[in-house]
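Now for the letters of each chain:
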Amino acid sequence: MNAVSHDPSDREPDWVTTRFGVEVTSDGTGHAEHEVRDLVVLGLRHNKRRAHLLVSTVLGKHIPTPPHVVRRAADDLGAAIIEQIGADAARDSIVFGFAETATGLGHCVAQRISASRYLHSTRRRLPGVVVSGTFEEGHSHATTHLLQPSDPRFLDATAPDETLILVDDEISTGTTALGAIETIVATRPRARFVVASLVDMRSADQRAICAKAAADLGVEVSYVALAHGSVTLPPTLLDDVWELTSDTLNPVVPERAGVTTLDLDWPKGTPDGGRHGFARSDAGPFRVATEAAAATIAEHLDPQRPVVVVGHEELMYAPLCIAEGLEQRGFVTGYQTTTRSPAQVHNVPGYPLRRGFRFLAPESDPETPRYIYNVSSDALPDPQVVVVIDTPADTPELRSPGGLLDVLTTAGHPVTLAILLATDQTQLRASRQAVNP
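In this text, all values refer to a predicted model and were calculated from it rather than measured experimentally. (Residues numbered from 1 in each chain as written. Predicted model: local features only at pLDDT ≥ 70, side-chain atom pairs only at ≥ 80, totals over all residues. Heavy atoms only, no water.)

**Q** Describe the overall build of the protein, listing the residues and the values that go with them.
**A** The number of helices and strands found in the protein is 13 helices and 18 strands. For a compact globule of 437 residues, the expected C-alpha radius of gyration is about 22 Å, and the protein comes in at 20 Å, within 12% of that figure. In terms of its C-alpha atoms, the protein occupies a principal-axis envelope of roughly 60 × 55 × 40 Å. Across the 437 residues in the protein, those meeting the buried criterion constitute 59%. Contacts in the protein between residues far apart in sequence, at least 24 positions, make up 77% of those at least 6 positions apart. The positive charge centre, built from 38 side chains, and the negative charge centre, built from 55, are 4 Å apart in the protein. (Helix = DSSP H or I, 4+ residues; strand = E, 2+ residues; numbered from the N terminus. Rg over C-alpha atoms; globule rule 2.2 N^0.38 Å. Buried < 20%, exposed > 50% of the residue type's maximum accessible area, 1.4 Å probe, protein only. Contact = heavy atoms within 4.5 Å. Lys, Arg positive; Asp, Glu negative; His and termini not counted. Charge placed at Lys NZ, Arg CZ, Asp CG, Glu CD.)

**Q** Break down the nonpolar core for me, with residues and values.
**A** Ranked by size, the top nonpolar core spans 84 residues in total, and within it F20, L77, L105, I165 and I297 carry the most contacts. Ranked by the residues each element gives to this core, the list is headed by helix α3 (residues 67-85), at eight residues. Apart from residues no more than four positions distant in its own chain, F20 is found in contact with W15, L44, P234, L237, D240, V241 and L244. (Core = buried A, V, L, I, M, F, W, Y, C linked by side-chain atoms within 4.5 Å.)

**Q** So what about the sheet that holds strand β12 (residues 278-279)? Which residues, and what values?
**A** As summarised here, the arrangement of the seven strands in space is β1-β10-β9-β8-β4-β5-β12, forming an open sheet in which the pairing is mixed. Each edge of the sheet is formed by a strand with only one pairing partner; in this case those strands are β1 (23-26) and β12. Relative to strand β10 (residues 220-232), β1 runs antiparallel, the two being bridged by four bridges. Its bridge partner being in β10, V24 is matched across the sheet by V231. Lying on the sheet, α3 is in contact with β8 (163-171), β9 (192-200) and β10; it crosses β10 at an angle near 130°. (Pairing = 2+ DSSP bridges. Axes fitted to C-alpha atoms, helices over the stretch in contact; angles between N-to-C directions.)

**Q** An account of the packing of aromatic side chains is requested, with residue identities and associated values reported.
**A** One pass over the full model with this rule turns up nine aromatic pairs. Ring geometry for W15 versus Y351: centroids 5.3 Å apart, planes at 80°, classification edge-to-face. Taken as a pair, W15 in helix α1 (residues 15-20) and Y351 in the loop between β14 (333-337) and β15 (356-359) lie far apart in primary sequence, 336 residues in all. Of the two residues, W15 and Y351, neither departs from the other in class, the shared state being buried. With a centroid separation of 5.4 Å and an interplanar angle of 85°, the aromatic rings of F278 and F286 are classed as edge-to-face. Through successive ring pairs, a cluster of aromatic residues spans W266, F278, F286 and Y317. One cation-aromatic arrangement involves R117 over F154; the distance from NZ or CZ to the ring centre is 5.9 Å. (Phe/Tyr/Trp six-rings, centres within 6.5 Å; stacked < 30°, edge-to-face > 60°. Lys NZ or Arg CZ within 6 Å of the ring centre and 35° of its normal.)

**Q** An account of the pairing of strand β18 (residues 415-420) is needed here, citing residue identities and associated values.
**A** Counting buried residues in β18 gives six out of six residues, a clear majority hidden from the surface. Direction of pairing for strand β11 (residues 259-264) relative to β18: parallel, over a ladder of six bridges. By the bridge assignment, T261 is partnered in β18 with L417.

**Q** Could you give me a rundown of the side chain of S377, with the residues and numbers involved?
**A** Residue placement: S377 occurs in the loop between β16 (370-373) and β17 (384-390). For S377, a relative accessible area of 5% puts it in the buried group. Separated by 3.0 Å, the side chain of S377 and the backbone nitrogen of L380 make a polar contact. (Polar contact = N/O pair within 3.5 Å; in protein donor to acceptor, adjacent residues only side chain to side chain.)

**Q** An account of the sheet that holds β18 is requested, with residue identities and associated values reported.
**A** The five strands lie next to each other as β11-β18-β17-β13-β14, forming an open sheet whose pairing is parallel. In this open sheet, the two edge strands, each paired with only one partner strand, are β11 and β14. In this sheet, neighbouring strand axes are inclined to one another by 20° on average, regardless of whether the strands run parallel or antiparallel. Where strand β13 (residues 307-311) and β17 come together, five bridges link them in parallel fashion. Its bridge partner lying in β17, G311 is registered against V388.

**Q** How would you explain the environment of A177 if you had to name every residue and give the values?
**A** Structurally, A177 is set in helix α6 (residues 175-187). Between the C-alpha atom of A177 and that of V194, which follows or precedes it by 17 residues, the distance is 9.7 Å. Leave out the neighbours within four places in its chain, and A177 touches F98, L166 and V195.

**Q** Explain the environment of P160 residue by residue, including any values.
**A** Relative to the helices and strands, P160 is located in the loop between β7 (144-147) and β8. Taking the relative accessible area as the measure of exposure, P160 reaches 80% and is therefore exposed. Taking C-alpha positions, P160 is 42 Å from E327, a pair spaced 167 residues apart along the chain.

**Q** So what about unusual backbone geometry? Which residues, and what values?
**A** E100 follows A99 through a cis peptide bond whose omega is -5°. Along the chain, E100 turns up in the loop between β4 (94-97) and α5 (103-113). Phi at E313 takes a positive value of approximately 50°, unusual for a residue other than glycine. Locating E313 in the fold gives a position in the loop between β13 and α10 (317-328). Unlike most non-glycine residues, D382 shows phi in positive territory, near 45°. By secondary structure assignment, the location of D382 is in the loop between β16 and β17.

And the structure:
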């Protein structure tokens, strides 16, 4: 049932192109033999500002993807950064990832280049957690990005020529990255930036606008991508897609599956991701923790059944590492995460979002629904699911009717819920206040 093969030669004709005339073109200037059409396929979204969606085949967001495929693409992007700025500058840099889609990609890149530290933006608001800055993403479903480093000096330059590398899955216009840069330099002056992405889809005019904006800010901004290309949109696309009826979400089978809950200990003082900052020195304890988590989870899985590891929105890197651990233990493994994005689902050949689930947000704004797409695929038929969450997402909404566990088990997927227990006292205190206000 999966609409996307990881061998480009096996793919079916693109349904969005056939139905609506949207076209993705690669200019053939990719790194490591990557091309745009190998990295993304066309989807559709419910959004009056932007109807099309570039669905990554290597990110592990909308499509359950083998963990080694996700890691390889991120490593290639890290290698391209090193090629552009040099290994020493890369090692001395700070990496910044964009929520929600690129939080794991950014962390992978930081790991590949051995960056000094890593931070990603977030949309999570919790009591007691200080927001030190914000910027906007105009075409996103959830537009506001928050900066929440636990150390307010985390983004400060440690040397005059330190490079800040911003990582996103795609650069469509460049305005989001420039908005982040403007926010950062307003209070934390620095001069050198790199914007890195899997695909760069800017037009020549948009590149010129980006160059002028950087000059106006008085900063140096260079761009790195695995592939460059463009998207051609018919003038009536927004209206045509808005009127299109999506297929029914939340499939149901006659027999509901069960849930196994695992509380996973986490090393004290080791962050479970980059939401509040991640230093190079955290990588060792983090690796030990995810390896231990994978070993514990593996004991509760059926080794004969495929497994899909599902991360919770911005919590992408720890679930990826756990998925890698399961893959290395011989499980047929996919990896993806939940999302805020209300994309359209169509069970037709050549479309990447063939199956979908809509569920209550477990936090921090439960009135806004969340989504997950596909879960199963041709390579991962009828999988068991490992849902990986952190402590703030361990809420009644997670387990309630219409919650994530409910919709997955109603569709027949046995779920292992793996909870990364917070050891950071600020995070733990905030999450308890959110659950028990």
